[in-house]
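Each chain is listed here by its residues.
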Amino acid sequence: MERLNVLKTYKIYIGGKFPRTESGRFYTPLNKKGEQLGHICLSSRKDVRNSVVAARKAFGGWSERAAFNRGQILYRIAEMLEGRKSQFIEELIFQGSTKAQAEKEVNLSIDRMVYYAGWCDKYTQVLGSINPVASSHFNFSMHVPQGVIGVIAENSTSLIGLVSLVAPIIAGGNTCIVVASKELPLCAITFAEVLNSSDVPGGVVNILTGESKEMIKPLTEHMDVNGMIYGGSNKKIVQQLRESAALNLKRIQTYDEDWMKEDAQNLYMISDCQEVKTTWHPIENIGGATSSY
Amino acid sequence: MKKNKKITWDYSPAPESAAHINLKKKYVLYIDGKWVKPSSGKYFKTINPANNETLAEIAYANEKDVDKAIKAARKAYDTVWSKTTPSERAKYIYRIARLMQERAREFAVIETLDAGKVIRESRDIDIPLACNHFFYYAGWADKLEYAFPNRKVEPVGVAGQITPWNFPLLMAAWKIAPALATGNTVVLKPAETTPLTALKLAEIIHDAGLPPGVVNIVTGYGDTGAAIVEHDDVDKIAFTGSTRVGKIIQKTIAGTDKKATLELGGKSANIILEDAPLDQAVEGIVNGIFFNQGHVCCAGSRLFIQESVAEKVIDKLKHRLNSLIIGDPMDKNTDIGAVNSKMQLDSINKYIKIGLEEGATMYQPECTLPKNGYYCPPTLFTDVAQSSTIVQEEIFGPVLTIQTFRTVDEAIQKANNTPYGLAAGIWTDKGSRIFNLATKLNAGVIWANTYNKFDPTSPFGGFKESGFGREGGLHGLSAYVKLK
Amino acid sequence: MSILKKNKTFSIPDFTQSPCIDKVGVEERVARFQTRSIKSTTKMQGLKMILNMIDLTTLEGKDTPGKVKQMCFKAQHLHDVHPGLPNVAAVCVYPSMVETAVKAVEGSGVNVASVSTAFPSGQAPLDIKIRDTKFAVSQGADEIDMVISRGKFLSGEYNYVFDEIATIKEACGKARLKVILETGELVTLDNVRRASDIAMYAGADFIKTSTGKIQPAATLQVTYTMLEAIRDFKLATGIQIGMKPAGGISNSKLALHNLVMVKEVLGGEWLTNEWFRFGASSLANDVLMQIMKAETGIYQSADYFSKD
């Protein structure tokens, strides 16, 4: 007799835990062959709210970690991705990719994570400045994370889109809430499992599945979200994000990229989720302290 | 021993001369390198807030005029400016800087007359900084590839710029200089109460021989600004002003591809720790809130003093307030000049009333204010809490709220407990503590053992509702470029 | 520890806890005083006050009774062609010249100040410093300008410095004591502040910047720091202390800016020679030239003003 498969229950990822949606709702996306991908959580606005709370709570600790340590953790994510490679490939194939495509996507995702792991303790050096002000002051500018970032992942991307958007955010010390692709959610959940086993503190990345239309509004209008990243080209969504940004002036970035391109990764995606902070302090004796006469 | 007597030694009036300045009775719009009348035929008056006298009549630009200006800017961008080599661009900007320096005193006097700010500040701070800003950005024009590693830098196109009334020329310089250096053309609207120095700048730009249409100056009220923001052919909006208007702009351009930088309001914390150099801290407090009559977006309007030194600092502060000279902005000895407009004075007085109604204790030094014009004495409020209206809302006047704290963590918490995030001051003799606070305070500018310092090389701008984007320094270039 | 001074009781603070000073902040504040525009009647009143606050000084190894007598004559006849000018506050000489000076200024209201305590280095045993002081007082000095032991101060022996000042104060009797910090050797403004506090709590009637032998001397930054210390001492104890910048103040503009600082930091109570002095040798003539210029509108030549 054929062995009965143990099917996976797909959950969402909030604050380092894997709950089902508080709403109890689910949906069953199909692949191209018409097979059910699973009973995927249809997350609600309350899940969004809980995720923002978790992300805010995690922000202090994550942003204050040594940059070197963040780099190690991102590299650890890459290691864990590598270990789960076959699972991701299977999921991608199940979702409709060819084997070659799936392999390429997973490899690229791992490499991209390694790329951003390396940036963690370098971007402030490249982007920062010591400003030669004309007065007796030492003056420097450095990038600091914006805070809690909402991420809307485009439907057409699964693992690579997710990694491409999330890695620069967390490399820069932010925490985030990710609304995963509705049609291609499997890798997002497995990615959450990878994060959970990679020393990433709970709440740094929160991943929700379901109807993005339902979640964009509560997320982008949330007063405790500092920025929104949209990976996609839907003009209506862009406008919605930019309009709601007027509520608390949250920062909006949109990327309409082909993440499968090898160079769809760069320093500026990190700086897009950063603020420039400039500090002044007096310097004794420059300019002379003798009488001006 | 002789009986002690108190000597009175008051400063005689030392008014700056306005004889050498050249003001026209009527100013029209500067569009496409020409001075043109407003299509509406309407003019408004700009007054001297120190005595309520009219200085000049100013053209009121409407949508048609704005359209004309933007078309001129577009044409200049397409046909001339984008084809001008970076090093030639630099030379134009250097030339503007030099012409401004040559006429610095004239600018200072006009700024003081139009804005009510004291001549010492316009002479020693506003105008030199504005000149230096052009000088600084001029040099960037042909070095942009060094500012953005691994990227090709392109201008955005036509920049619509709207400046406030608190630092009229300086804010125009902050906006025009980087825009030109990066190869953009400009339509700028100065604030309606302080348009004169921007118009004088237009004269200089004209004298500098900048190609027609590269910089256009249109004057008017909020609807003139709105016409710029709403115009289809503007690629970028740079606005400095209130958070309320900033949000409206953000909403207006949401459905477009326009880039934006917004420099908005603030309610910045100035934190005095017990080991601070207290006398210099008192100076920092004074400079933080009374600089430019408190009309400063990054004003240190919320003072936090550690309880162990609170009484001492407040005593010193009150003592210091009594030596401030309030009055005629044109007098070289005046420390606090006129409030910019009647509207602003009404708004400040409204907050003072709210403060008193909410039970706060007010201190104002004894002083006689000039009879004509709009003045507000330096004002301290104690017995306030985070929940007081005057602690939460931006007053934009010489009004300081004073709270105490016990531990550094409490100070950080209270300082960050605001929707704004523009600036913060830290006063302590301990380096490690400075870095702790500088790291944890959510603000774009941290002044440690100093306050209200500005420099062309130093990026300025806020977190959260204080806006986005930076002006000044290398980082100020980002606002006006596309990276490829 | 608490002590009784001028009928007031107060406790002696821990001088290691004297307030710290941020020098750049001080420079900015001082720059603000220098932008004050002093014109017309304010200027004339200020210039006359300056004349009346000068301690006309000669402190040279080659001083002789002849030199001292000439200076004392100048002290009482600043510029006789111009009526209504005040005399200087005092003449300042070495102890050996006090007798000569006292005779020369007798009845004029001009005080005689004597430096003491092994001026200018202060490198002598305490008993010699006491004798030095008592000698000057016995010769008729109205005021004693002592130097502190900078070496002891810089090696952290604040109690030694304090006790020495207190001892010399005792030796002064009725003479008023000015304590010279020699700020050019203390180098930092934190040290200037601490030394000011020590001197005031130990019994100084005046604190004074410099001997005039070390550069920099009375910079505006140093004087400002000392004025702040005087203000804080008044607030803490109720006792008024005088201030004397000395050395390097040779022109009217700088002297006027000193007065601006006194007015704005301390107030009008200090604007008399009872509480503020300039230690200077060449300042008087520059002030006189300024007065004549203001009155005649004609720029002056040094040849028309006596040098003694």
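Refer to the structure above for everything that follows.
Quick look at the structure, then.

Thresholds, definitions, all that
Residues numbered from 1 in each chain as written. Chains lettered and ligands numbered in written order. Predicted model: local features only at pLDDT ≥ 70, side-chain atom pairs only at ≥ 80, totals over all residues. Heavy atoms only, no water. Helix = DSSP H or I, 4+ residues; strand = E, 2+ residues; numbered from the N terminus. Rg over C-alpha atoms; globule rule 2.2 N^0.38 Å. Buried < 20%, exposed > 50% of the residue type's maximum accessible area, 1.4 Å probe, protein only. Contact = heavy atoms within 4.5 Å. Areas by Shrake-Rupley, 256 points an atom, 1.4 Å probe, with all protein chains shown as cover. Lys, Arg positive; Asp, Glu negative; His and termini not counted. Charge placed at Lys NZ, Arg CZ, Asp CG, Glu CD. Phe/Tyr/Trp six-rings, centres within 6.5 Å; stacked < 30°, edge-to-face > 60°. Lys NZ or Arg CZ within 6 Å of the ring centre and 35° of its normal. Buried area = accessible area lost by both parts, 1.4 Å probe. Salt bridge = Lys/Arg side-chain N within 4 Å of Asp/Glu carboxyl O. Pairing = 2+ DSSP bridges. Axes fitted to C-alpha atoms, helices over the stretch in contact; angles between N-to-C directions. Polar contact = N/O pair within 3.5 Å; in protein donor to acceptor, adjacent residues only side chain to side chain. Disulfide = S-S within 2.5 Å. Patch = residues over 30% accessible without salt bridge, like charges linked within 9 Å, V, L, I, M, F, W, Y side chains within 5 Å. Nonpolar A, V, L, I, M, F, W, Y, C, P; charged D, E, K, R; others polar.

Before going further, it helps to examine the overall build of chain A. Counting its regular elements, chain A contains 10 helices and 10 strands. Taking 19 Å as the expected radius of gyration for a compact globule of 293 residues, we find that chain A reaches 21 Å, a close match to that expectation. Here the C-alpha coordinates of chain A stretch approximately 100 × 35 × 30 Å along the principal axes. Counting over 293 residues, chain A shows a buried share of 55%. Looking at chain A alone, contacts between residues at least 24 apart form 76% of all its contacts between residues at least 6 apart. Counting every atom, chain A has about 12500 Å² of accessible surface; 52% of that belongs to carbon and sulfur. Distance from the positive charge centre (32 side chains) to the negative charge centre (30 side chains) of chain A: 5 Å.

What follows is about the overall build of chain C. Looking only at helices and strands, chain C has 12 helices and 10 strands in total. What you see for chain C is a C-alpha radius of gyration of 19 Å, in line with the 19 Å of a compact globule of 308 residues. Dimensions of chain C, computed from the C-alpha atoms along their principal axes, are close to 60 × 45 × 35 Å. Residues classed as buried in chain C amount to 59% of the 308 residues present. Contacts spanning at least 24 positions in sequence make up 75% of the contacts within chain C whose residues lie at least 6 apart. Accessible area for chain C stands at about 11500 Å²; split by element, carbon and sulfur atoms hold 51% of it. A gap of 4 Å separates the mean positions of the 36 positive and 33 negative side-chain charges of chain C.

This part is about the packing of aromatic side chains. The full count for this structure, using the stated rule, is 29 aromatic pairs over all chains. Seen in terms of ring centroids, Y30 of chain B and W35 of chain B are 5.0 Å apart; in terms of plane orientation they differ by 50°. Their pairing is tilted. Relative accessible area serves as the criterion here: at 3%, Y30 of chain B is assigned to the buried category. W35 of chain B gets classed as partly exposed once you look at its relative accessible area, which sits at 28%. Centroid distance F33 of chain C to Y224 of chain C: 5.8 Å. Interplanar angle 50°. Geometry classified as tilted. Of this pair, F33 of chain C sits in helix 1 (residues 23-34) while Y224 of chain C sits in helix 10 (residues 220-237), and the two are 191 residues apart along the sequence. You can call F33 of chain C buried: its relative accessible area is 2%. Three or more aromatic residues link up through ring pairs in this structure, and these residues are F167, W174, F291, W447, Y451, F454 and F460 of chain B. Sitting over the ring of F206 of chain C, K178 of chain C keeps its end group 6.0 Å from the ring centre.

So, about the interface of chain B and chain A. The interface is formed by 44 residues belonging to chain B together with 36 residues belonging to chain A. Both faces considered, chain B and chain A share a buried interface measuring about 3100 Å² in area, 58% of it formed by carbon and sulfur atoms. Considering only the side of chain B, the residues that lose the most area to chain A are Q250, A254 and H475 of chain B, jointly responsible for 16% of the buried surface there. Counting the contacts that link chain B with chain A gives 1 salt bridge. Those elements that place two or more of their residues in the side of chain B that touches chain A are helix 8 (243-252), helix 14 (431-440), strand 18 (445-448) and strand 19 (467-468) of chain B. Per element, the largest residue contribution to the side of chain B that touches chain A is 5 residues, and it comes from helix 14 of chain B.

Let us look at the sheet that holds strand 7 (residues 205-208) of chain A. All names here are of chain A. Spatial ordering of the open sheet is given by 7-6-5-8-9, a layout of 5 strands whose pairing is parallel. Every interior strand has two partners, whereas the edge strands, strand 7 and strand 9 (251-255), have only one. If you compare each strand with its neighbour and ignore which way they point, the axes differ by 15° on average. Sheet topology note: the strand 5 (residues 148-152)/strand 6 (residues 175-179) ladder contains 5 bridges and is parallel. The residue bridging V151 from the neighbouring strand is V178, located in strand 6.

For R123 of chain B, the position within the fold is in helix 4 (residues 119-138). As for R123 of chain B and K318 of chain B, which are separated by 195 residues in sequence, their C-alpha atoms are 27 Å apart. Among all residues touching R123 of chain B, those that are not within four sequence positions of it are R105, A108, P128 and K332 of chain B together with T35 of chain C. Of the polar contacts made by the side chain of R123 of chain B, one reaches the side chain of D124 of chain B; its length is 2.8 Å.

The next subject is the state of the cysteines. Counted by the stated rule, this structure contains 0 disulfides over all chains. Not part of a disulfide, C298 of chain B finds its nearest cysteine sulfur in C297 of chain B, a span of 4.7 Å.

What follows covers a negative patch on the surface. All names here are of chain A. There is a patch of like negative charges on the surface, built from D111, D256, E257, D258, E262 and D263. Residue placement: E262 occurs in the loop between strand 9 and helix 10 (267-271). Owing to a relative accessible area of 61%, E262 belongs among the exposed residues under this scheme.

The next thing to look at is the pairing of strand 18 of chain B. Residue and element names in this part refer to chain B. What you see with strand 18 is no split at all: V445 and W447 on one side and I446 and A448 on the other are buried throughout. Pairing between strand 17 (residues 423-427) and strand 18: 4 bridges, direction parallel. Looking across to strand 18, one finds that I426 is bridged to A448.

We now examine the interface of chain C and chain B. Contacts between the two partners involve 38 residues from chain C, matched on the other side by 35 residues from chain B. In total, chain C and chain B occlude about 3200 Å² of area from one another, counting both sides; carbon and sulfur atoms represent 48% of this. Seen at the junction of chain C and chain B, the total is 8 salt bridges. Salt-bridge contacts for D279 of chain B lead to R193 of chain C; the nearest nitrogen and oxygen are separated by 3.8 Å. For the interface between chain C and chain B, the tally reads 19 residue pairs in polar contact (both at pLDDT 80 or more). Counting residues per element, the ones that place at least two in the side of chain C that touches chain B are helix 1, helix 2 (40-53), helix 10 and helix 11 (252-266) of chain C. Looking at side-chain class alone, the side of chain C that touches chain B contains 12 nonpolar, 12 polar and 14 charged residues.

Per the counting criterion, the structure on display carries 67 salt bridges over all chains. Between D235 of chain B and R74 of chain B there is a salt bridge; the shortest N-O distance is 2.7 Å. Residue D235 of chain B is found in the loop between helix 7 (222-230) and strand 10 (236-240), and its partner R74 of chain B is found in helix 1 (residues 63-79); the two are separated by 161 residues along the sequence. Looking at D235 of chain B, the relative accessible area reads 23%, which means it is partly exposed. By relative accessible area, which is 16% here, R74 of chain B ends up buried. Linked by salt bridges that have partners in common, D279 and K316 of chain B together with R193, D197, E228, R231 and D232 of chain C make up one network.

Let's shift gears to unusual backbone geometry. Residues and elements named next belong to chain C. The linkage connecting F119 with the following residue, P120, adopts the cis geometry, with an omega of 0°. With respect to the helices and strands, the residue P120 is situated in the loop between strand 5 (111-116) and helix 5 (126-138). For the bond running from Q215 to P216, omega is -5°, close enough to zero to count as cis. Tracing the chain through its elements places P216 in the loop between strand 8 (206-208) and helix 10.

Residues and elements named next belong to chain C. Strands sit in the order 9-8-7-6-5-4-3-10 across an open sheet of 8 strands; the sheet is parallel. Looking at the sheet topology across the chains shown, the edges are occupied by strand 9 (242-244) and strand 10 (278-280). The average undirected angle you get between the axes of adjacent strands in this sheet is 25°.

No statement about biological role is implied by the geometric values presented.
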